[in-house]
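For reference, the chains in residue letters:
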Amino acid sequence: EPMSAFKLTRSCDRCHAPGIEIEGMAVPNLNGQDRDYLIMALRAYRDDRRESSMMHKMSLPYSDTMIEDVASFYSSRSP
């Protein structure tokens, strides 16, 4: 069964929620980001066209629909 977008965003928030800082890594807050940009970035990570071994591993199982749902969730939130 595919993971719901809500469950997926809970996983994303472990690193990307506001106020979380990870030493040695630039990790953006995803809230309020442009939907089309998030879709492009997540597909690029998934397809190994954008450098980040961690994001590639995390996004490998994501379908286009899951990526679009996650992007819609974050783009609709306040930055």
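Scroll up for the structure.
Cut-off values and rules
- Residues numbered from 1 in each chain as written.
- Predicted model: local features only at pLDDT ≥ 70, side-chain atom pairs only at ≥ 80, totals over all residues.
- Heavy atoms only, no water.
- Helix = DSSP H or I, 4+ residues; strand = E, 2+ residues; numbered from the N terminus.
- Buried < 20%, exposed > 50% of the residue type's maximum accessible area, 1.4 Å probe, protein only.
- Contact = heavy atoms within 4.5 Å.
- Areas by Shrake-Rupley, 256 points an atom, 1.4 Å probe, with all protein chains shown as cover.
- Lys, Arg positive; Asp, Glu negative; His and termini not counted.
- Charge placed at Lys NZ, Arg CZ, Asp CG, Glu CD.

## Looking at the overall build of the protein chain
Here comes step 1: Each helix and strand in the protein chain was counted, giving 4 helices and 0 strands.
Here comes step 2: The helix and strand sequence of the protein chain, counted from the amino end, reads α-α-α-α.
Here comes step 3: By residue count, 30% of the 79 residues in the protein chain fall in the buried class.
Here comes step 4: In the protein chain, the proportion of contacts linking residues at least 24 apart, taken out of those at least 6 apart, comes to 56%.
Here comes step 5: Of the roughly 5500 Å² that the protein chain leaves accessible, carbon and sulfur atoms contribute 52%.
Here comes step 6: Charge-centre separation for the protein chain: the mean point of 10 positive side chains lies 4 Å from the mean point of 12 negative side chains.

## Some remarks on the side chain of Asn-31
Here comes step 1: Looking at the secondary structure, you find Asn-31 in the loop between helix H1 (5–16) and helix H2 (35–46).
Here comes step 2: A relative accessible area of 10% means that Asn-31 is categorised as buried.
Here comes step 3: Setting aside residues no more than four positions away along its own chain, Asn-31 makes contact with Pro-18, Tyr-74, Arg-77, Ser-78 and Pro-79.

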